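As a plain string of letters, each chain reads:
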Amino acid sequence: MAESSLLVSHADIEATRPLLDRHLRRTPMVTSQQLGDLCGVRLRVKAEMFQKTGSFKPRGMLNSLHHLDEDAKGRGVVTMSAGNAAQALAFASAQLGIAATVVMPQGASRSKAAATEGYGARVLLHGGMHDLLPKVQQLQRDEGLTFVHPFDDLNLIAGHGTLGLELLEEGPDPDVVIVPVGGGGLLSGVAAAVKHVRPATRVIGVEPEGAAAMTRSLVAGVPERIENVQTLADGLAAPFAGEHTLRHVQAFVDDIVLVSDGEIRDSLSLILERCKLLAEPAAAASFAPLLHGKLKMTKGSQVVCVLSGGNVDRSTLRGIL
């Protein structure tokens, strides 16, 4: 995809499908009558915890790596991540025969760090979220590695858009699609896919109160940075929004809703109890505004919540349950 393109197109998203079909699964749509009745809607969830690596992230990472030139692939790649993007880069790099390095914060989930190493990547634990980019830049200078952005990349956004196409193909047509927001790569891709095909569908992003970089960026009109990120949902703990993701959210997303960590906990517990699906906190955030009445919804609306992954470690899960 040409970097001069401002927004990914339907054709861009469709073009990624042959690559992803070779390496990934088509994840299920699961109906939950109990949770739907509780919220007065007809509810389905897109269960991305059944994707390779346990989250949606390999969709975009595979497409990003696929579009690198051969010189960049030969030198190896590096990214920064609290967990799911780390595992996705490691998995995608292994599939395509590329050496991968991931810089993770010292406080990253040990299970996510171990899984990243298990897929074959070199893992460097370094400082906090704000210390990751300088370390990545050092590795670029010292080792010649190519930086693969964990969320703010057009090819990555196009790859994530396949999730949106899949949920539209398994009707009935949704009135509302609800997507969790970290850096905004998933929301950008899903929103672009949905709006290109079915513009009448409302696309809602959900962001933690303690990591509301996209909400602040929409107010400011430019990407904003958060100095103190505080949220249980480590998968949504991006300290800034991206230029590409902000542009896509401005173009395709109808609203962003903020939820508390307590509301995320409630949602995770109820999804586990009623759907028998283990969603990580970042994924459970998508159901939180429905559960807590934060969205005005016509009774009986067709709603899809994107459960973006299931990578939650035991200590976090014990604290929630």
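The structure this text deals with has already been given above.
This write-up is about the structure you can find in this document. None of the values given here were measured: they were computed from a predicted structure.

Notes on the sheet that holds strand 4 (residues 100–104)
Next, step 1: Spatial strand order, 5-4-3-6: four strands in an open sheet with parallel pairing. Looking along the sheet, the strands with just one partner apiece sit at the ends: strand 5 (122–125) and strand 6 (146–147).
Next, step 2: As paired elements, strand 3 (residues 77–80) and strand 6 share two bridges and run parallel to each other. Bridge pairing in strand 6 links Val-77 to Thr-146.
Next, step 3: The strands touched by helix 6 (residues 84–96) within the sheet are strand 3 and strand 4, with strand 4 carrying the most contacts at an inclination of about 175°.
Next, step 4: Relative to strand 3, helix 8 (residues 132–143) is tilted by about 170°, and along the sheet it contacts strand 3, strand 4, strand 5 and strand 6.

Let's talk about the layout of surface pockets
Next, step 1: Volume-wise, the largest pocket comes out at about 460 Å³.
Next, step 2: Per-element accounting of the lining of the largest pocket gives the leading share, three residues, to helix 10 (residues 185–197).
Next, step 3: When grouped by side-chain class, the residues that make up the lining of the largest pocket number 19 nonpolar, 12 polar and five charged.
Next, step 4: Taken as a whole, the second largest pocket spans an internal volume of roughly 320 Å³.
Next, step 5: Lining the second largest pocket are 20 residues, and of these Ala-82, Gly-107, Ala-108, Thr-231 and Asp-234 lie nearest its centre.
Next, step 6: The residue makeup of the lining of the second largest pocket, split by class, is nine nonpolar, eight polar and three charged.

Brief notes about the sheet that holds strand 7 (residues 176–180)
In a beta sheet, neighbouring strands pair by backbone hydrogen bonds and run either parallel or antiparallel.
Next, step 1: A sheet is described by the order of its strands in space; here six strands give the open sequence 1-2-10-7-8-9, paired in mixed fashion. The sheet is open, and its two edges are formed by strand 1 (29–31) and strand 9 (255–259), each paired on a single side. Each adjacent strand pair in this sheet contributes to an overall mean axis angle of 25°, direction not counted.
Next, step 2: Bridge analysis of strand 1 against strand 2 (residues 42–47) gives three bridges, and the strand direction is antiparallel. Each bridged residue has a counterpart across the sheet, and for Val-30 the counterpart in strand 2 is Val-45.
Next, step 3: Contacting strand 8 (202–208) and strand 9, helix 11 (residues 213–220) crosses the sheet at an angle of about 135° to strand 9.

Calculation notes
- Along each chain, the written sequence defines residue order, and numbers are assigned to residues from 1.
- Where local features are concerned, this predicted model is filtered to residues with pLDDT of at least 70; where side-chain atom pairs are given and counted, the filter is 80 or more; whole-chain, interface and lining totals use all residues.
- Hydrogens and water are ignored here; the side-chain numbers use all heavy atoms of the structure.
- The pairing criterion is simple: DSSP has to find at least two bridges between the two strands.
- A helix here means a DSSP run of H or I that spans at least four residues, while a strand means a run of E at least two residues long, and both kinds are numbered starting from the N terminus.
- Only heavy atoms enter the contact rule, under which two residues are in contact if any of them lie within 4.5 Å.
- Inter-axis angles, ranging from 0 to 180 degrees, are taken between N-to-C directions of lines fitted to C-alpha atoms, where helices are fitted over the stretch in contact.
- Grid points spaced at 1 Å over the protein atoms alone were grouped into cavities, where a 1.4 Å probe fits but cannot get out, and pockets, open sets with protein on both sides within 12 Å along at least five of seven lines, with lining residues defined by an atom within 4 Å of a point.
- Grid points are joined across faces, edges and corners, and a volume is the space filled by probe spheres set on the points.
- Throughout, the ten residues Ala, Val, Leu, Ile, Met, Phe, Trp, Tyr, Cys and Pro are labelled nonpolar, Asp, Glu, Lys and Arg are labelled charged, and all others, Gly among them, are labelled polar.

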